[in-house]
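# Secondary and tertiary structure notes
Here are the chains, one letter per residue:
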Amino acid sequence: MESTKIGSFTRLPYPSNIIVDIHSYCNASCKTCPYRELSKKLPMGMMEESLFTKIIDEFSSIAKNHAIRGHVIFCNMGDLFIDPNVFKKISRVINAGMDFIIQTNAFLLTPERTDKLIATGFKGPIYISCHGITPEVYRHVMGLDFDITIKNIEYLINHYPKKMIHIRAIPYEWPLGEVLRVKRYWKERNVPVKIFLPNSRTGLLDNCASWNLKYPGNKLKGCKKTLPLRDMVISSNGDVVLCCEDMARKVILGNVKERSLQEVWNSAQALDTLEKIFLGKPSTDDFICKTCEFGVSTPFRKLVKTIDNEWHRLLKCHI
């Protein structure tokens, strides 16, 4: 099976990375995430063990036979440490020779879980969502107890390589000075932090929309992140969605329960969707990428880039 040419991009006939929802639950209620509402509308549950095994075995075979990144992440929608069997699953990924990456809010990453994580042989990066450093701000944005989270992170810092710990923060309704406090706190601990613009998650969060892409004549010309060309996102029931921004599961490319990863990756639905994104194939006004900040459209491409660059320039001025 040969690579597919998608505009100026080359898409391999298999994913380079996979994001697997081993379950669909989250312990946080972030105002920058549509989870609270989606959890009331979408099927929720734990991934069946047989399906998880099938996915990891298939992707391990792909990674061994092809020169890909081979990264595995648990939970696009939720926190991996909710799963009581998460360390067994992490071990399976590591023992299969693949690189495992952690994304978490760290509220459940207690000292005991940190010790168990290290015992699996895990040595990869840990990305922690921590949207604020003032307790009241943190609770307002994430709905979690700051004291518990910060104690967990401090223990992690003292027992795991700092260079592998990365803080991600979204400045949602932050008071004046919070950016400086966040930067200073993590800098004093030699832990890198990045601050990202809020985004609407394909139009699901009006309160986080940086700009509105719904307007007459909006023609899609690509994706700023190009994630659909590399990453396969698998929901807990086996449905494969377009990318990590598709938390509402608007575009289902297939299901990997009965079909292989490569069959779904190269399905007619997948290729048709990619043509709409990258090749200008006609799509409806409500097509997912037209409601996403990362969708590239002709009239506003330069404006969007300017806004994004200026925002991050202003944030860096507070360092």
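Below, the structure is looked at part by part. Everything quoted here is computed from the prediction, not taken from an experiment. (Residues numbered from 1 in each chain as written. Predicted model: local features only at pLDDT ≥ 70, side-chain atom pairs only at ≥ 80, totals over all residues. Heavy atoms only, no water.)

Turning next to empty space enclosed by the protein. Gaps left between atoms are located by rolling a probe of water-molecule size over the structure's atoms. Here the structure, examined in full by the defined rule, presents three cavities of 30 Å³ or more. What lines the largest cavity is a set of 15 residues, among which Cys223, Cys243, Glu245, Cys289 and Cys292 lie closest to the centre. Residue composition of the lining of the largest cavity, grouped by class: 10 nonpolar, three polar and two charged. One number sums up the size of the second largest cavity: a volume of about 60 Å³. The wall of the second largest cavity is formed by Arg11, Pro228, Asp231, Met232, Val233, Val240, Val241, Leu242, Leu253, Trp265, Ala270 and Leu274. Only β10 (231-234), β11 (239-241) and α9 (268-278) provide two or more residues apiece to the lining of the second largest cavity. (1 Å grid on protein atoms, 1.4 Å probe; cavity = no way out; pocket = protein on both sides within 12 Å on 5 of 7 lines; lining within 4 Å. Points joined across faces, edges and corners; volume = space filled by probe spheres on them. Nonpolar A, V, L, I, M, F, W, Y, C, P; charged D, E, K, R; others polar. Helix = DSSP H or I, 4+ residues; strand = E, 2+ residues; numbered from the N terminus.)

Before going further, it helps to spend a moment on the sheet that holds β10. The strands that make up a sheet pair up through hydrogen bonds in the backbone, lying either parallel or antiparallel. With mixed pairing, nine strands are arranged side by side in an open sheet as β8-β7-β6-β5-β4-β3-β10-β11-β12. Edge positions in the open sheet fall to β8 (193-195) and β12 (252-255), since each of these has one partner strand only. Direction aside, the axes of adjacent strands within the sheet are offset by 25° on average. The sheet contact formed by strand β7 (residues 165-169) and β8 spans three bridges and is parallel. In the sheet register, arginine 168 faces β8, and the bridge partner there is lysine 194. Sheet strands in contact with helix α7 (residues 178-188) are β7 and β8, and its direction is about 160° off that of β8. (Pairing = 2+ DSSP bridges. Axes fitted to C-alpha atoms, helices over the stretch in contact; angles between N-to-C directions. Contact = heavy atoms within 4.5 Å.)

In most cases, non-glycine residues show a negative phi, while peptide bonds are predominantly trans. The phi dihedral of cysteine 75 is positive, around 75°, even though this residue is not glycine. With respect to the element layout, cysteine 75 can be found in the loop between β4 (71-74) and α3 (86-95). Assessed through its relative accessible area of 2%, cysteine 75 is described here as buried. The backbone of arginine 249 shows a phi angle near 55°, a positive value even though the residue is not glycine. (Buried < 20%, exposed > 50% of the residue type's maximum accessible area, 1.4 Å probe, protein only.)

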